[in-house]
Each structure stands twice: as structure tokens, then as C-alpha cells.
Amino acid sequence: MRETKRFKQAELCGKAVQLPRRGALVALATAFALAIGMAGAARARAASAGEHWVTTWMAAPMRGSATDTFRDQTIRMVVHTSIGGRRLRIEISNALGRKSLAIGAAYVGIAAKGASVVAGTNREVEFDGSATVTIPAGALMVSDPVELDAAPLSALAVTLYVPGRTGVATEHPLGLETTYISGPGNFAAAETMPYKWTTESWYWISAVDVEASPDTQAIVTLGDSITDGANSTVNANLSWPAQLAARFQANPETRHLAVVNAGISGNRVLHDDAGPNALARFDRDVLARDGVKYLMVLEGINDLGFPHLPGAHGQQKVTAAQLIVGLRQIIARAHAHGIKVIGCTLT
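Residues numbered from 1 in each chain as written. Predicted model: local features only at pLDDT ≥ 70, side-chain atom pairs only at ≥ 80, totals over all residues. Heavy atoms only, no water.

Novice: When you look at unusual backbone geometry in this model, what are you seeing that I'm missing?
Specialist: Glycine aside, residues mostly have negative phi, and peptide bonds are mostly found in the trans state. Phi is positive for Asp128, which is not a glycine, with a value near 55°. With respect to the element layout, Asp128 can be found in the loop between strand 7 (123-124) and strand 8 (133-135). We classify Asp128 as exposed; its relative accessible area is 76%. Within the chain, Asn231 stands out as a residue other than glycine whose phi angle is a positive 70°. Along the chain, Asn231 falls in the loop between helix 2 (225-228) and helix 3 (240-250). Of the residues examined, Asn231 reaches a relative accessible area of 44% and is grouped as partly exposed. (Helix = DSSP H or I, 4+ residues; strand = E, 2+ residues; numbered from the N terminus. Buried < 20%, exposed > 50% of the residue type's maximum accessible area, 1.4 Å probe, protein only.)

So this is what it looks like as C-alpha cells:
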């Protein structure tokens, strides 16, 4: 049974991070509206009779610490939508796990206060018609669609029950939302979940998709701690991608744009440190997202700030030329999939 938790403090070059100012976000949202031609009638509308899924929230998977293990426990986590929808599905990732992960139950509902969901909204999540699923090491599973009316910028409670011993979890440590962890037992269906511990990490949950209109698209923000939200207020959803999503929802011309956060605090473009390097995680964290059309890249400060970290192959000194090559690789791979890239100036 899990009884301890090592809390983590994210850093960026050992300094506090200032969130973007209101004016900068207004300018960024305005630039987006102009750059991608959002004037109502001028937008191209896809004529598709099939389902169109778009990622509304994500968290980049990382490998947890030795204390991030569970057995016969329920974990309830809060995530925030950017765009809304009446049907959704969740993605559970065992990407960094070293053994198969058994999920004994999964639920999603509208988050209420604390470890509670709004009465009548907690929905059972199935995988190919089954309430249980086993996810191989290194793999992920996308759920069946769930009928749940989730508004834009709303809080969802995703609850997972793990019946067996999990080993070290795939997690995202800088969740900046309170996560509730039970003692022994399956409480996934409970509207108010009993819990014994709390953390600020997300475990195994890596994305939430919504069914949307054909013109709806996603913007992935690939970055490090500035993007991840380091030093932002817990339980306030105030990372700059979250604030940009709020700006888009306030403008009728950009409400069809989801903003999803692929930041990892301490991440680097060329070498592993906090999580896999940006080139290594690009396919999983960008290309695998549903409906992605735009990519914002704000990464490289840790390559510059920590060029001599000892690694598996000795010190990892990075030159400007090497960093430029890495960023150009990201651009080339995005363009190959029809994704437009916006480079962000390092602060």
C-alpha cells in the first residue's frame, strides 16, 4: 500500500517564472486570429459525416519516482477542458511503465469541491465495451466515447482504480491540481471519494478528447517549466496555455481552437533530464494528439542554462548550432504532418 509521497518542486534555471502579462496574451490571441484567417464565413468547413475528435486537455507522460506506486487504491484527478463537447473519451498511458497496468475501473464526471463530482455526472468509462483494461508496458489505451456534457474551460474529475501492484507509475508531476488517493478499495463510482493522501501529480491519465465540429482544431504548446506552469497557483488553472485557452473562448472567432499543454518542467530539446527530450517525445506528445493543427514551441532555455549536466554518455554541452538543428527537426516533422509551427521567444 502506498503510504508516502515525495513532493517535487519544479524549477527553471533555479529562478521563479513570471507568467505572461495580460497584454501579451491579448496580442497573442489577436495574432492567432489574424494569422489563421478566423473570420467566420472565410473559414473552410470540413464536410465529414464521421466523428471528429479533438484533444481538449493533455499532460505529457513522465516516469514517476520510487514512491509513485499503488496497490488496490483509487486515484481521483482534476483536469480542465479548453474546448467543450457532449461526448468525450480519455486516454490512459502506461508509456513509462515497466510492467502491464491493470485498470479495474475508470470514471469521469464534472468536478465539484474537493474529492467530489457533481451529482449525477459520474460516468463509467469502458474500453471496447469492458469496464476493465490491461495496458502493456509502453502502451496507451483510448476509451470508448462517454456521453457527458463538458463545457469549455470546465473541470473534470477522472478517477482510476488500480487493483494490483502497479510498480512505478507513469505520471506528470507538476499537475498543479490536487489529486486524491484512497486507502484500499474501489471508490471510483463514488460521488464523494474517501481519501487518505493528496498530491499535485496526475497518474496515467494523458489526454481527454471531445467530439467536435469538423472545423475544430487543437494547438499543442510544447515546452518546459514556463509552459508547464511552474510557480503558478495550485488549483487555479493559470498556466499560460490555460490563459490562452480562456482568451480564445472569449472570442467567437477562435472558440473552435483547443489549447493543450505539452510542457514538462526542466525539459530540454536535445537531452533527457526531466522527462524524455523534446525530439524523443515529439511523436507521442504532438503527432498523436487528435485534431492538432498548430504547434507552439517554447523550449531550449534548459539546453542553454544546463549545458553541462552529467548524462549517461558524459557531459552534454550544447552549442547554438546543435540547438538550431534540434528545433529545425521539430519544424520539419510537424510540417510533414500538415502542422503549422509558431516559434516563441525565450524569456
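Novice: Even after reading the chapter, I still don't get the nonpolar core, so can you show me in this structure?
Specialist: What tends to happen in soluble globular proteins is that the nonpolar side chains get buried as a cluster. Counting 38 residues, the largest nonpolar core has Leu88, Ile92, Leu156 and Trp204 as the members making the most contacts within it. In terms of residue count, strand 11 (residues 155-162) provides more of this core than any other element does, four residues in total. In contact with Leu156, other than residues within four places in its own chain, are Met77, Val78, Val79, Thr81, Leu88, Val108, Gly109, Ile110, Ala111, Leu148, Ala150 and Val208. Grouped together as the second largest cluster of nonpolar side chains are 15 residues, Ala278, Phe282, Leu295 and Ala334 included. (Core = buried A, V, L, I, M, F, W, Y, C linked by side-chain atoms within 4.5 Å. Contact = heavy atoms within 4.5 Å.)

Novice: How do you make sense of the packing of aromatic side chains when you look at a structure like this?
Specialist: Centre-to-centre distance and the angle between the planes together describe a pair of aromatic rings. Inspection of every chain in the model, using the stated rule, returns five aromatic pairs. Seen from their ring centres, Tyr203 and Trp204 are 6.3 Å apart, and the 55° between their planes marks the pair as tilted. This pair shows no difference in class: Tyr203 is buried, exactly as Trp204 is. Three or more aromatic residues joined by ring pairs form one cluster here, namely Phe70, Tyr203 and Trp204. (Phe/Tyr/Trp six-rings, centres within 6.5 Å; stacked < 30°, edge-to-face > 60°.)

Novice: What should I look at first to understand the side chain of Thr227 in this one?
Specialist: Note on placement: Thr227 falls in helix 2. With a relative accessible area of 0%, Thr227 lands in the buried category. In this structure the side chain of Thr227 is engaged in a polar contact, spanning 3.3 Å, whose partner is the side chain of Trp240. (Polar contact = N/O pair within 3.5 Å; in protein donor to acceptor, adjacent residues only side chain to side chain.)

Novice: How do you make sense of the pattern of salt bridges when you look at a structure like this?
Specialist: Close approach of charged atoms lets side chains of opposite charge pair. For the coordinates displayed, the defined rule picks out ten salt bridges. For Asp209, the salt bridge is made with Arg89, and the minimal N-O distance between the two is 3.2 Å. Residue Asp209 is located in strand 16 (residues 205-211), and its partner Arg89 is located in strand 4 (residues 85-93); the two are separated by 120 residues in the primary sequence. Note on Asp209: relative accessible area 2%, which makes it buried. Relative accessible area serves as the criterion here: at 16%, Arg89 is assigned to the buried category. Of the charged contacts, one joins Asp285 and Arg281 as a salt bridge, the two residues approaching to 2.8 Å between their closest N and O atoms. Of this pair, Asp285 and Arg281 both sit in helix 4 (residues 278-287), separated by four residues, roughly a single helical turn. Accessibility expressed as a relative area gives 0% for Arg281, which makes it buried. (Salt bridge = Lys/Arg side-chain N within 4 Å of Asp/Glu carboxyl O.)

Novice: Looking at this structure, I do not really get the environment of Ala280. What am I missing?
Specialist: Within the secondary structure, Ala280 sits in helix 4. For Ala280, a relative accessible area of 54% corresponds to the exposed category. Taking the C-alpha atoms as reference points, Ala280 and Val269, eleven residues apart in sequence, are found 8.7 Å from one another.

Novice: Just checking my understanding: could you explain the environment of Arg71 for this structure?
Specialist: Inspection of the secondary structure assignment puts Arg71 in the loop between strand 2 (62-63) and strand 3 (73-80). The class of Arg71 is partly exposed, set by a relative accessible area of 42%. Residues contacting Arg71, with those up to four places away along its chain left out, are Val162, Pro163, Gly164 and Arg165.

Novice: Honestly, the environment of Leu295 in this entry has me stumped. Any pointers?
Specialist: Assignment of secondary structure puts Leu295 in strand 19 (residues 292-298). For Leu295 and Ile331, which are 36 residues apart along the polypeptide, the C-alpha to C-alpha distance reads 9.0 Å.

Novice: Could you clarify how one ought to interpret the pairing of strand 19 in this entry?
Specialist: Remark: a regular strand shows side chains that alternate across the two faces of the sheet. Counting buried positions along strand 19 yields six of seven residues, so the element is predominantly enclosed. Examined bridge by bridge, strand 17 (residues 217-223) and strand 19 share six bridges and lie parallel to one another. When the sheet's bridge partners are listed, Ile219 is paired in strand 19 with Tyr294. Looking at chain direction, strand 19 and strand 22 (residues 340-343) are connected through four bridges and run parallel. (Pairing = 2+ DSSP bridges.)

Novice: Is there a simple way to explain the sheet that holds strand 17 in this structure?
Specialist: In any sheet, the strands associate via hydrogen bonds between backbone groups, in a parallel or an antiparallel arrangement. Strand order in the open sheet formed by four strands is 18-17-19-22, and the pairing between neighbours is parallel. In this open sheet, the two strands that pair with only one neighbour each are strand 18 (257-263) and strand 22. Averaged over neighbouring strand pairs, the angle between their axes works out to 20° when direction is ignored. In this structure, strand 17 lies alongside strand 18, joined through seven bridges in parallel fashion. Residue pairing across strands places Ile219 opposite Val259, the latter belonging to strand 18. Contacting strand 17, strand 18 and strand 19, helix 4 crosses the sheet at an angle of about 160° to strand 17. Its contacts with the sheet put helix 6 (residues 320-335) on strand 17, strand 19 and strand 22, and the angle it makes with strand 19 is roughly 175°. (Axes fitted to C-alpha atoms, helices over the stretch in contact; angles between N-to-C directions.)

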